[in-house]
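# Structure at a glance
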Amino acid sequence: QVQLVESGGGLVQAGVSLRLSCAASGDTFGNYGVGWFRQAPGKEREFVAFRRWSGGTTSYADSVKGRFTMSRDNAKNTVYLQMNSLKPEDTAVYYCAAKRNGNSDWRYWGQGTQVTVSS
């Protein structure tokens, strides 16, 4: 059973950085894609970033491009979301998700981690 566990959220002031982690277990992830999503209060969940676990180009939402960087550590089976120059509008619950390459549906989700950015 695939499990994803996020960590690293918190309450920070605008302009600082946070790094979120997503620890994956339950399968070998070479044939998976992994994404970060977020949901702000009263809003729909939105895409933040995506990459194939095996490598290649990372895609980012326009709202975070240039500020957020997604990476992975194979040895730790963990993906990261480095968030720099945080803004109050980045406040949301952040989720990581995984799906097998070629599938359209995000089948596996973590429980989410809260990021709150104060002005």
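Summarised in this report is the structure supplied together with it.

### Overview of the sheet that holds strand 1 (residues 3–7)
Strands sit in the order 1-3-8-7 across an open sheet of four strands; the sheet is antiparallel. Among the strands making up the open sheet, the edge pair consists of strand 1 and strand 7 (68–73). When the angles between neighbouring strand axes are averaged without regard to direction, this sheet yields 20°. Here five bridges tie strand 1 to strand 3 (residues 18–25), and the two strands are oriented antiparallel to one another. Within strand 3, the position partnered with Glu6 by the bridge is Cys22.

### Overview of the side chain of Arg51
Along the chain, the position of Arg51 falls in strand 5 (residues 46–52). It turns out Arg51 is buried and unbridged, and the closest side chain with the opposite charge, Asp73, is 11 Å from it. Dropping the residues within four chain positions of it, Arg51 is found in contact with Gly33, Val34, Gly56, Thr57, Thr58, Met70, Ser71 and Arg72.

### Notes on the nonpolar core
Considering soluble globular proteins, one finds that nonpolar side chains tend to be buried as a cluster. Leu4, Trp36, Val48, Phe68, Leu81, Met83 and Tyr94 are the most contacted members of the largest nonpolar core, which has 31 residues in total. Mapped onto this core, the elements with two or more residues apiece are strand 3, strand 4 (32–39), strand 5, strand 7, strand 8 (78–83), strand 9 (92–100) and strand 11 (113–118). Beyond its immediate sequence surroundings of up to four residues, Met83 is in contact with Val16, Ser17, Leu18, Leu20, Arg67, Phe68, Tyr94 and Val115.

Quick notes on the rules
- Residues numbered from 1 in each chain as written.
- Predicted model: local features only at pLDDT ≥ 70, side-chain atom pairs only at ≥ 80, totals over all residues.
- Heavy atoms only, no water.
- Pairing = 2+ DSSP bridges.
- Helix = DSSP H or I, 4+ residues; strand = E, 2+ residues; numbered from the N terminus.
- Axes fitted to C-alpha atoms, helices over the stretch in contact; angles between N-to-C directions.
- Buried < 20%, exposed > 50% of the residue type's maximum accessible area, 1.4 Å probe, protein only.
- Lys, Arg positive; Asp, Glu negative; His and termini not counted.
- Salt bridge = Lys/Arg side-chain N within 4 Å of Asp/Glu carboxyl O.
- Contact = heavy atoms within 4.5 Å.
- Core = buried A, V, L, I, M, F, W, Y, C linked by side-chain atoms within 4.5 Å.

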